[in-house]
Amino acid sequence: MVTLPVWVWIVYYTFLCITIGAAIIKIIRKEMIFISLLTVVFVLTVPFLMFLNSIARGEELNEFQFFVQQLKQGSLWSLYAIFSYLYLPIWWILYYKHYKKKKSYIFIK
């Protein structure tokens, strides 16, 4: 069975772990609560859905090729996953803007 290189998986899961950690910290600090909860839901559900649905992929396709194929077919799980993947960079941008805003208040006081 064809699969992606190990370094891809390391980068992918490292990004997800850092993202969920940052989101949980924001929730604990009661900052950006709703979007951080949404981030936690996406980070926990998307890899699980990707795993479950990639079980049915053929021998000749790796995970990414199968995902793209499913996107072209319009499957709901792949649309949910792409929405989630597009949401995560937006969350990180909001996280950064909130951090910069909070940091500027420290210097003003």
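Think of each chain on its own: its residues are numbered from 1, step by step along the sequence as written. For a predicted model such as this one, the threshold for reporting local features is a pLDDT of at least 70, and the threshold for listing and counting side-chain atom pairs is 80 or more; totals across whole chains, interfaces and linings nevertheless cover every residue. Neither water nor hydrogens contribute to the side-chain values; these are computed over all heavy atoms in the structure.

Quick word on the overall build of the protein chain
Step number 1: Runs of E in the DSSP output that reach at least two residues are strands. Runs of H or I that reach at least four are helices, and both are numbered from the N terminus. Secondary structure assignment for the protein chain yields four helices and zero strands.
Step number 2: Taking 2.2 N^0.38 as the reference for a compact globule, 109 residues should give roughly 13 Å; the C-alpha atoms of the protein chain span a radius of gyration of 17 Å, well beyond that estimate.
Step number 3: Per-residue accessibility, obtained with a 1.4 Å probe over protein chains only, is compared with the maximum for each type, and a residue is labelled buried under 20%, exposed over 50%, and partly exposed between these values. Classification of the 109 residues of the protein chain by burial places 31% in the buried group.
Step number 4: Any pair of residues with heavy atoms lying within 4.5 Å of one another is described as a contacting pair. Pairs at least 24 apart in sequence give 69% of the contacts found in the protein chain among residues at least 6 apart.
Step number 5: Surface exposure here means Shrake-Rupley accessible area, sampled with a 1.4 Å probe, where a residue is shielded only by the protein chains that are shown. Just so you have it, the protein chain exposes about 7,600 Å², and 75% of that area is on carbon and sulfur atoms. Every radius of gyration here is taken over C-alpha atoms, with the globule rule written as 2.2 Å times N^0.38, N being the number of residues.

Some points on a nonpolar patch on the surface
Step number 1: A cluster of nonpolar residues, Phe48, Phe51, Leu52 and Ile55, forms a patch on the protein surface that exposes about 440 Å² of accessible area.
Step number 2: Within the secondary structure, phenylalanine 48 sits in helix α2 (residues 33-54).
Step number 3: Judged by relative accessible area, which is 51%, phenylalanine 48 ranks as exposed. A patch consists of residues exposed above 30% relative accessible area that lack any salt bridge, with like charges linked at up to 9 Å and nonpolar side chains (Val, Leu, Ile, Met, Phe, Trp, Tyr) linked at up to 5 Å. The salt bridge criterion pairs a side-chain nitrogen of Lys or Arg with a carboxyl oxygen of Asp or Glu, the two atoms within 4 Å.

Focus: the nonpolar core
Step number 1: By nonpolar core is meant a set of buried Ala, Val, Leu, Ile, Met, Phe, Trp, Tyr and Cys residues that side-chain atoms within 4.5 Å join together. Within the largest apolar cluster, 19 residues are counted, with the highest numbers of intra-cluster contacts made by Met50 and Trp91.
Step number 2: Elements supplying a minimum of two residues to this core: α1 (6-28), α2, α3 (63-73) and α4 (76-108).
Step number 3: Setting aside residues no more than four positions away along its own chain, tryptophan 91 makes contact with Thr19, Ala22, Ala23, Lys26, Met32, Ile35, Ser36 and Thr39.

As for α2
Step number 1: Expected span, for any helix, means 1.5 Å times one less than how many residues it has. Taking 1.5 Å of rise per residue, 22 residues should cover 32 Å, and α2 covers 32 Å from first to last C-alpha, within 8% of that figure.
Step number 2: Here α2 has its buried residues at Ser36, Thr39, Val40, Phe42, Val43, Val46, Pro47, Met50 and Ser54.

Let's talk about the pattern of salt bridges
Step number 1: Under the defined criterion, the tally for this structure stands at two salt bridges.
Step number 2: The shortest N-O distance in the salt bridge between glutamate 31 and lysine 26 comes to 2.9 Å. Taken individually, glutamate 31 and lysine 26 each receive the classification buried, so the pair is uniform in this respect.
Step number 3: The residue glutamate 63 makes a salt bridge to arginine 57 at a minimum N-O spacing of 3.1 Å. Of the two residues, glutamate 63 and arginine 57, both sit in the buried class.

Re the confidence of the model for the protein chain
Step number 1: Every residue carries a pLDDT, the predictor's confidence in it, which falls somewhere between 0 and 100. On average, residues of the protein chain score 90 in pLDDT, and 93% of them are at 70 or above.
Step number 2: Summarising per-element confidence for the protein chain, the mean pLDDT is lowest in α4 (86) and highest in α1 (95).

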